[in-house]
Amino acid sequence: MKKLLAGLIGLGLIFSISANAVPKNQKEIERQIVKIAKKYGCLTCHDIDKPKNSIPYRVIAKEYQGKPDAVKKLVTSIKYASFAKWQKIGPAKYGIKPRAIYMPRQRSIPVEEAEKIVKLILSLDTSKVKVKK
Ligand code: HEC
């Protein structure tokens, strides 16, 4: 019982540390996203707000915020490639028309960094993202 309790407290600690890892300030969130994205070449295809070759991070955030397993799903897309998911989601409802439909698996980004950028992306303020009905 003691062990179990210690384990639970430990888990709680880990959870609170990782939850605290995402800053509250939006400018700081954006700065950290760009820093990681630059380091691993994501900026070739993504921007926070501009539709480059693909979906802007803020739109990805709007689509996945509050969905179960969002972090796991997005990390899997980054690490193991993503094909035509957004064809199904229908980016037109966000007023965008992406040029590419396939993201190759991103080999250079370690899983922990992928998790970090996904959590940051999901913390973007999406209150101004317009969705067409
Ligand atoms: C060669 C262009 C390209 C690069 C480089 C790229 N992406 Fe993508 N990304 C795409 C495309 C295209 C999609 C949409 C794929 C789809 O519709 O399934 C996408 C989708 C995503 C999604 C949403 C996945 C989903 O399941 O909805 C995330 C998150 C993402 N990219 C993050 C990243 C990160 C982080 C990096 C850098 C490590 C990166 N991308 C590098 C083209 C790229």
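Residues numbered from 1 in each chain as written. Predicted model: local features only at pLDDT ≥ 70, side-chain atom pairs only at ≥ 80, totals over all residues.

Trainee: Give a description of the nonpolar core that names residues and reports values.
Mentor: Counting residues in hydrophobic clusters, the biggest one holds 22 residues, and the most contacted among them are I33, I117, V118 and I121. Of all the secondary structure elements, the ones that give two or more residues to this core are α2 (26–39), α3 (57–64), α4 (70–80) and α6 (111–122). Per element, the largest residue contribution to this core is six residues, and it comes from α6. When sequence neighbours within four positions are dropped, the list of residues in contact with I121 reads I33, Y57, I60 and A61. (Core = buried A, V, L, I, M, F, W, Y, C linked by C-beta atoms within 7 Å. Buried ≥ 20, exposed ≤ 12 C-beta atoms within 10 Å, placed from the backbone. Helix = DSSP H or I, 4+ residues; strand = E, 2+ residues; numbered from the N terminus. Contact = placed C-beta atoms within 7 Å.)

Trainee: Report on unusual backbone geometry, specifying residues and quantitative values.
Mentor: One non-glycine residue, D69, lies in the positive phi region at around 60°. Within the secondary structure, D69 is located in the loop between α3 and α4. Residue A84 is not a glycine yet carries a positive backbone phi of 60°. Counting through the fold element by element, A84 comes out in the loop between β1 (82–83) and α5 (85–89).

Trainee: Could you give an account of the packing of α2 against α6, with specific residues and numbers?
Mentor: The N-to-C vectors of α2 and α6 enclose an angle of 145°; their axes lie 9 Å apart at closest approach. Of the two possible hands of crossing, α2 and α6 adopt the one that is left-handed. The segment α2 lies against α6, with I29, Q32, I33, I36 and A37 engaging E113, K116, I117, L120 and I121. Tallied by class, the residues present in the contact of α2 with α6 amount to seven nonpolar, one polar and two charged. (Axes fitted to C-alpha atoms, helices over the stretch in contact; angles between N-to-C directions. Left-handed = near helix turned anticlockwise from the far one by under 90°. Nonpolar A, V, L, I, M, F, W, Y, C, P; charged D, E, K, R; others polar.)

Trainee: Explain the environment of I33 to me, and be specific about the residues and the numbers.
Mentor: Among the structural elements, I33 can be located in helix α2. For the pair I33 and D47, spaced 14 residues apart in the sequence, the C-alpha separation amounts to 9.6 Å. Among residues more than four places away in sequence, those in contact with I33 are I48, Y57, I117, L120 and I121.

Trainee: I'd like a description of the site of the ligand, backed by residues and values.
Mentor: For the ligand, the set of nearby residues contains 27 residues, the closest of which are C42, C45, K85, W86 and M103. Elements supplying a minimum of two residues to the shell around the ligand: α4, β1, α5 and β2 (102–103). For the shell around the ligand, the leading source of residues is α4, giving four residues. (Near = placed C-beta within 6 Å.)

Trainee: Any chance you could break down α3 for me, citing the residues and the numbers?
Mentor: Among the eight residues that make up α3, seven are buried, leaving the element largely enclosed by the rest of the structure. Within the sequence span of α3, burial applies to Y57, R58, V59, I60, A61, K62 and E63. The inward-facing, buried residues of α3 abut α2, α5 and α6. In the segment just after α3, G66 is the residue with positive phi, at about 80°.

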